[in-house]
Amino acid sequence: CWRGFGRSSPPSCSCFKAFFDWLFLKVGKKANLLLGKVGCDLTILILTAIPIPLIGGWTGAIAAMLLNVPKKRGAILVVLGAMISGLIVAFVSSI
């Protein structure tokens, strides 16, 4: 945890840990339903390839972290998804 100016940790540190443990558990349960049907790699690729504002590379990177995808494979999937998203936007804007 955080250390600063003589304090061992801030008082809310255990609250953050409890919140994120709960969040990861809840996301993991819901993700298992989708992952059983589609697969982890395809889920991240589709999530990053959808050209909607605020859903893209950052969201794909967070999803890869939450789904425990190895860093190198997650980075490749996010880059491929962003490229597909760029191609979709270029195609739609040229019509």
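Calculation rules
Residues numbered from 1 in each chain as written. Predicted model: local features only at pLDDT ≥ 70, side-chain atom pairs only at ≥ 80, totals over all residues. Heavy atoms only, no water. Salt bridge = Lys/Arg side-chain N within 4 Å of Asp/Glu carboxyl O. Helix = DSSP H or I, 4+ residues; strand = E, 2+ residues; numbered from the N terminus. Buried < 20%, exposed > 50% of the residue type's maximum accessible area, 1.4 Å probe, protein only. Phe/Tyr/Trp six-rings, centres within 6.5 Å; stacked < 30°, edge-to-face > 60°. Axes fitted to C-alpha atoms, helices over the stretch in contact; angles between N-to-C directions. Parallel < 35°, antiparallel > 145°, perpendicular 65-115°, else oblique. Left-handed = near helix turned anticlockwise from the far one by under 90°. Contact = heavy atoms within 4.5 Å. Nonpolar A, V, L, I, M, F, W, Y, C, P; charged D, E, K, R; others polar. Core = buried A, V, L, I, M, F, W, Y, C linked by side-chain atoms within 4.5 Å. pLDDT = per-residue confidence, 0-100.

Novice: Describe the pattern of salt bridges, naming the residues involved and giving the relevant values.
Specialist: A full pass over the atoms with the stated rule returns one salt bridge. Here Asp41 makes a salt bridge to Arg73, at a shortest N to O gap of 3.1 Å. Of the two residues, Asp41 sits in helix α2 (residues 40–49) while Arg73 sits in helix α4 (residues 71–94), which places them 32 residues apart along the sequence. On the accessibility criterion, Asp41 (32% relative accessible area) is partly exposed.

Novice: So, the packing of aromatic side chains: which residues are in play, and what are the values?
Specialist: Counting across every chain of the model gives one aromatic pair. Ring geometry for Phe19 versus Trp22: centroids 6.0 Å apart, planes at 35°, classification tilted. Pair noted here: Phe19 and Trp22 are both in helix α1 (residues 13–37), with a separation of three residues, about one helical turn.

Novice: Give me the lowdown on the packing of α2 against helix α3 (residues 57–66), citing residues and values where you can.
Specialist: Helix-helix packing is characterised by the crossing angle of the two axes and by the distance between the axes. The geometry of α2 relative to α3 is characterised by a closest axis approach of 8 Å and an angle of 160° between their N-to-C directions. Comparing the axis directions of α2 and α3 gives the class roughly antiparallel. The chirality of how α2 crosses α3 is right-handed. Only Gly57, Thr59, Gly60, Ala63 and Ala64 of α3 make contact with α2, whose side of the interface consists of Ile44, Leu47 and Thr48.

Novice: I'd like a rundown of the side chain of Ser85, residues and numbers included.
Specialist: Secondary-structure assignment places Ser85 in helix α4. Dropping the residues within four chain positions of it, Ser85 is found in contact with Thr48, Ala49, Ile50 and Pro51.

Novice: Report on the packing of α2 against α4, specifying residues and quantitative values.
Specialist: Here α2 crosses α4 at 40°, and the two axes come no closer than 7 Å. Classified by the angle their axes make, α2 and α4 are oblique. Both α2 and α4 take part in a crossing whose hand is right-handed. Of α4, the residues touching α2 (which contributes Asp41, Ile44, Leu45, Thr48 and Ala49) are Arg73, Leu77, Val78, Leu80, Gly81, Ala82, Ile84, Ser85 and Ile88. Grouping the amino acids of the contact of α2 with α4 by side-chain chemistry returns nine nonpolar, three polar and two charged.

Novice: Can you break down the nonpolar core residue by residue, with the values?
Specialist: Ile44, Ala64, Val69, Leu77 and Val78 form the largest nonpolar core, which has five residues in total. Once you skip the residues sitting within four places of it in the chain, Ala64 turns out to touch Ile44, Val69 and Gly74.

Novice: If you had to explain the confidence of the model for the protein chain to someone new, which residues and values would you point to?
Specialist: Considering every residue of the protein chain, the mean pLDDT works out to 78; 80% of them sit at 70 or more. α4 holds the highest mean pLDDT among the elements of the protein chain, 92, whereas α1 holds the lowest, 74. Low pLDDT, under 50, characterises residues 1–10; the predicted model gives this stretch seven contacts beyond four residues in sequence or across chains.

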